[in-house]
Amino acid sequence: TQLLEQSPQFLSIQEGENLTVYCNSSSVFSSLQWYRQEPGEGPVLLVTVVTGGEVKKLKRLTFQFGDARKDSSLHITAAQPGDTGLYLCAGVHGATNKLIFGTGTLLAVQP
Amino acid sequence: DAGVTQSPTHLIKTRGQHVTLRCSPISGHKSVSWYQQVLGQGPQFIFQYYEKEERGRGNFPDRFSARQFPNYSSELNVNALLLGDSALYLCASSPLAGVAQYFGPGTRLTVL
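Since the structure is predicted, the reported quantities are computational estimates derived from the model, not experimental observations. (Residues numbered from 1 in each chain as written. Chains lettered and ligands numbered in written order. Predicted model: local features only at pLDDT ≥ 70, side-chain atom pairs only at ≥ 80, totals over all residues. Heavy atoms only, no water.)

Q: Please explain the packing of aromatic side chains as it appears in this structure.
A: The geometry of two aromatic rings is summed up by the distance between their centres and the angle between their planes. Tallied over the full model, the rule gives 9 aromatic pairs over all chains. Members of the aromatic cluster, joined through ring pairs, are Tyr35(A), Phe101(A), Tyr35(B), Phe45(B) and Phe103(B). (Phe/Tyr/Trp six-rings, centres within 6.5 Å; stacked < 30°, edge-to-face > 60°.)

Given below as structure tokens:
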């Protein structure tokens, strides 16, 4: 059972546009991670957010953890074709340290 | 430095057979986790091993088993394969039993 819902599921945009991906849950997580996965490869960790309300920036990517630690967002500014991939959020349950992955957002950036 | 390696990269089996997937963690990493990723979905947690002991198990049937060896490499075994077991099986390693996960490229299993 997926406890983390991501939206949108699919996103196709033009190079230079901005976008936001959302990751929502009814559960509280001790931390939340964002990964990017390209075809034929495993997910690659982009960032870990730990504190409610935390904002982290990675070049053109901005990650935010909700105040209640139940949701998160990923904002990409001026998207580039190299940003194309499957974006996955993953919540960490504090008691078990298990990673619970979201449903994924498939992003395609057209040149 | 080598990342997480998995073998084989692709595998085709028929229903009822069993399969063994292998994973070598990043050098120095003592924790290995296994995930199943069905096409179009996020990975689902199967097992975590740390220092050769099972530290966590996901909601998978007993047909799935795993073990970790003294060199920290790991095997995932699946018995009595079903069509629904077709998926990408991912292995991830981390230095401790924490959650900083480094994923391998996965093994694509197809069950016919």
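Q: Any chance you could explain the pairing of strand β11 (residues 105-110) of chain A here in plain terms?
A: A regular strand places its side chains so that they alternate between the two faces of the sheet. Residue and element names in this part refer to chain A. Here β11 shows a clear split, with Thr105, Leu107 and Val109 buried on one side and none of Leu106, Ala108 and Gln110 buried on the other. Pairing of strand β9 (residues 85-92) with β11 involves 3 bridges; the strand directions are antiparallel. Bridge assignment links Gly85 to a residue of β11, and that residue is Leu107. (Buried < 20%, exposed > 50% of the residue type's maximum accessible area, 1.4 Å probe, protein only. Helix = DSSP H or I, 4+ residues; strand = E, 2+ residues; numbered from the N terminus. Pairing = 2+ DSSP bridges.)

Q: Teacher, can you tell me more about the pattern of salt bridges here?
A: Pairing between side chains of opposite charge can happen when their charged atoms approach one another. Tallying each qualifying case throughout the model produces 9 salt bridges over all chains. In this structure, Glu38(A) and Arg36(A) form a salt bridge, with 2.7 Å as the shortest nitrogen-oxygen distance. Here Glu51(B) and Lys30(B) are joined by a salt bridge, their closest N and O atoms 3.4 Å apart. With Glu51(B) in the loop between β5 (44-50) and β6 (53-57) and Lys30(B) in the loop between β3 (19-24) and β4 (31-37), this pair connects stretches of sequence that are 21 residues apart. Judged by relative accessible area, Glu51(B) falls into the partly exposed class, the value being 29%. (Salt bridge = Lys/Arg side-chain N within 4 Å of Asp/Glu carboxyl O.)

Q: What's the story with the state of the cysteines in this structure? I'm lost.
A: In protein structure, a disulfide is the covalent linkage between the sulfur atoms of two cysteines. One pass over the structure, following the stated rule, counts 2 disulfides over all chains. Between the sulfur atoms of Cys23(A) and its disulfide mate Cys89(A) the distance is 2.0 Å. For the disulfide bridge between Cys23(A) and Cys89(A), the dihedral angle about the S-S bond is near 80 degrees, and by the sign convention the bridge is right-handed. Taken together, the residues span a long stretch of sequence, with Cys23(A) in strand β3 (residues 19-24) and Cys89(A) in strand β9 at a distance of 66 residues. In this structure Cys23(A) comes out as buried when scored by relative accessible area, which is 0%. Covalently, Cys23(B) is tied to Cys91(B) through a disulfide, its sulfur atoms 1.8 Å apart. Disulfide Cys23(B)-Cys91(B): torsion about the S-S bond near -60 degrees, hence left-handed. Pair noted here: Cys23(B) is in strand β3 and Cys91(B) is in strand β9 (residues 87-94), with a separation of 68 residues, a long-range link. Cys91(B) shares its class with Cys23(B); the two are buried. (Disulfide = S-S within 2.5 Å.)

Geometric values such as these leave the question of function open.
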